[in-house]
Amino acid sequence: MRDNVAGGALTEVTFYILISLYQPRHGYSIMHYIEEKTSGRLVLGAGTLYGALNTLCEKGWISGYGQSTGRKKEFLITPLGREIAQKELSRLKELTEFASEIIGGEQ
Amino acid sequence: MKKYRFFGSFLDTQEKWLNKMSAQGYRLVRTGKLMYEFESCSPNEVQYRVEFIGEKSRENAEDYRLFLEDMGYKVFYKNINLNYSIGKVRVRPWAEKGGRIATNSTTYNRELLIIEKENDGKPFMLHTSLGDRIRYYRMLRNPWIFFLVIFGAMGIFLSSIICGVFAALSLFPIAHYQLKVTKIKKELDFREE
């Protein structure tokens, strides 16, 4: 369950899905939100998104939201998912700070 | 307009043919075992993908179909085999739980999905992340490994040359999909998605 807390990086797809689910969304909305926020750089295939949503539900990082079943099912991040996202944000901050120190100095 | 074709497990060929029909101004309305019914549309109005879902249980296949329809795609079920018998039962050890016994009323003759998207000028991909593409190609490969084992065993124990030929032929799709898996895995070593 907490296999990521130890410190492994999340995949970009996983992290973006977690971020997009700080408010309830269905699949179509997640896909377009991520595409828009990355200016079209990260476009998720529907099959990939479907698999990722199922995996994240199994892990308990997200869950189905409201009464919606079947059609237009909505998802929302869980407290465990928030914890995971928070850890990933800290990891990325550490990485970008260090990278800016080294790479940023060249400019 | 009706056309009659059978592509079997040549998914890419079927996909190319459907996209060629779309380029000529025909979109799919209905599918039968051999039959594809088209209606006129503007050339390249729609794009097609053919996806193998034979490993899914009936419930999960239906759940996936609804998910794709909610994405705004049109979805058709399609058979991968050509078999008209009614009480068909197939054992699929390579499938997920709930899909290992395939009958006419569950997943038999519903092994493929044809997915149609309105052409918005962007490429139409269903599997985009490296991990998911590996999973998908493994899913396409595994039924052939099962065929290899079954026909290989029958070829040896029954001294059947026909079975041996079938076993040998299944090596081609196994190699085809395994090469894809290996190639993507190498990328995973330095790139994540």
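You'll find the structure just up there.
Summarised in this report is the structure supplied together with it.

Parameters and conventions
Residues numbered from 1 in each chain as written. Chains lettered and ligands numbered in written order. Predicted model: local features only at pLDDT ≥ 70, side-chain atom pairs only at ≥ 80, totals over all residues. Heavy atoms only, no water. Helix = DSSP H or I, 4+ residues; strand = E, 2+ residues; numbered from the N terminus. Contact = heavy atoms within 4.5 Å. Buried area = accessible area lost by both parts, 1.4 Å probe. Polar contact = N/O pair within 3.5 Å; in protein donor to acceptor, adjacent residues only side chain to side chain. Axes fitted to C-alpha atoms, helices over the stretch in contact; angles between N-to-C directions. Parallel < 35°, antiparallel > 145°, perpendicular 65-115°, else oblique. Left-handed = near helix turned anticlockwise from the far one by under 90°. Nonpolar A, V, L, I, M, F, W, Y, C, P; charged D, E, K, R; others polar. Pairing = 2+ DSSP bridges. Core = buried A, V, L, I, M, F, W, Y, C linked by side-chain atoms within 4.5 Å. Buried < 20%, exposed > 50% of the residue type's maximum accessible area, 1.4 Å probe, protein only. Lys, Arg positive; Asp, Glu negative; His and termini not counted. Salt bridge = Lys/Arg side-chain N within 4 Å of Asp/Glu carboxyl O.

### Thoughts on the environment of Phe-52 of chain B
Residue and element names in this part refer to chain B.
Item 1. In this fold, Phe-52 is placed in strand 4 (residues 46-52).
Item 2. Measuring from C-alpha to C-alpha, the distance between Phe-52 and Leu-158 comes to 32 Å, with 106 residues separating the pair along the chain.
Item 3. In this view, Phe-52 contacts Leu-11, Ile-80, Trp-94, Glu-111, Leu-112, Tyr-136, Met-139, Leu-140 and Pro-143; residues no more than four positions away in its chain are not counted.

### Quick look at the interface of chain A and chain B
Item 1. Taken together, the contact between chain A and chain B spans 20 residues of the former and 19 residues of the latter.
Item 2. For the chain A and chain B pair, buried surface summed over both sides reaches about 1600 Å², with 55% attributable to carbon and sulfur atoms.
Item 3. At the junction of chain A with chain B, the criterion picks out eight residue pairs in polar contact (both at pLDDT 80 or more).
Item 4. Every element with two or more residues in the side of chain A that touches chain B is listed here: helix 1 (12-20), helix 2 (27-37) and helix 3 (46-59) of chain A.
Item 5. Per-element tally for the side of chain A that touches chain B: the top contributor is helix 3 of chain A, with six residues.

### Remarks on the packing of helix 3 (residues 130-157) of chain B against helix 5 (residues 171-188) of chain B
All names here are of chain B.
Item 1. Axis separation between helix 3 and helix 5 bottoms out at 9 Å; the angle between their running directions is 155°. Relative to helix 5, helix 3 is oriented roughly antiparallel. Helix 5 is crossed by helix 3, and the crossing has left-handed handedness. The segment helix 3 lies against helix 5, with Leu-130, Arg-133, Ile-134, Tyr-137, Arg-138, Leu-140, Arg-141, Trp-144, Ile-145 and Leu-148 engaging Leu-171, Pro-173, Ile-174, Tyr-177, Gln-178, Lys-180, Val-181, Ile-184, Lys-185, Glu-187 and Leu-188.
Item 2. Considering only residue class, the contact of helix 3 with helix 5 consists of 14 nonpolar, one polar and six charged.

### Notes on the sheet that holds strand 1 (residues 2-4) of chain B
Residues and elements named next belong to chain B.
Item 1. An order of 1-3-2 is seen for the three strands of this open sheet, with the pairing classed as antiparallel. Since the sheet does not close on itself, it has two edges, and those belong to strand 1 and strand 2 (26-31), each with one partner. Adjacent strand axes in the sheet meet at a mean angle of 35° when their direction is disregarded.
Item 2. Pairing of strand 2 with strand 3 (residues 35-40), which is carried by five bridges, proceeds in the antiparallel orientation.

### A few points about the environment of Val-89 of chain B
Residues and elements named next belong to chain B.
Item 1. Tracing the backbone through its elements, the reader meets Val-89 in strand 6 (residues 89-91).
Item 2. In sequence terms Val-89 and Lys-185 are 96 residues apart; their C-alpha atoms lie 35 Å from each other.
Item 3. Not counting residues within four places of it along the chain, the set of residues in contact with Val-89 comprises Ile-101, Ala-102 and Thr-103.

### Things to note about the nonpolar core
Item 1. Counting residues in hydrophobic clusters, the biggest one holds 37 residues, and the most contacted among them are Ile-17, Leu-49 and Leu-53 of chain A together with Leu-68 and Tyr-73 of chain B.
Item 2. At the level of elements, helix 1, helix 2, helix 3, strand 3 (74-77) and helix 4 (79-103) of chain A together with helix 2 (58-70), strand 5 (74-78) and strand 8 (112-118) of chain B are the ones that each hand at least two residues to this core.
Item 3. No other element matches helix 3 of chain A, which puts six residues into this core.
Item 4. The contact partners of Leu-53 of chain A, leaving out residues within four places of it in the chain, are Ile-17, Leu-21, Ile-30, Ile-62 and Phe-75 of chain A together with Phe-67 of chain B.
Item 5. The next biggest cluster of nonpolar side chains, apart from the first, holds 26 residues, and it includes Phe-7, Phe-52, Trp-94 and Tyr-177 of chain B.

### Here we look at the side chain of Arg-25 of chain A
Residues and elements named next belong to chain A.
Item 1. Take Arg-25: it is sitting in strand 1 (residues 25-26).
Item 2. No salt bridge forms around the buried Arg-25; measuring N to O, its nearest opposite-charge neighbour Glu-36 is 7.4 Å away.
Item 3. Beyond its immediate sequence surroundings of up to four residues, Arg-25 is in contact with Ser-20, Ile-30, Tyr-33, Lys-73, Glu-74 and Phe-75.

### Quick word on the side chain of Arg-141 of chain B
All names here are of chain B.
Item 1. Along the chain, Arg-141 falls in helix 3.
Item 2. The side chain of Arg-141 is buried and forms no salt bridge, while Glu-55, the nearest opposite charge, is found at 12 Å.
Item 3. Among all residues touching Arg-141, those that are not within four sequence positions of it are Ile-174, Tyr-177 and Gln-178.

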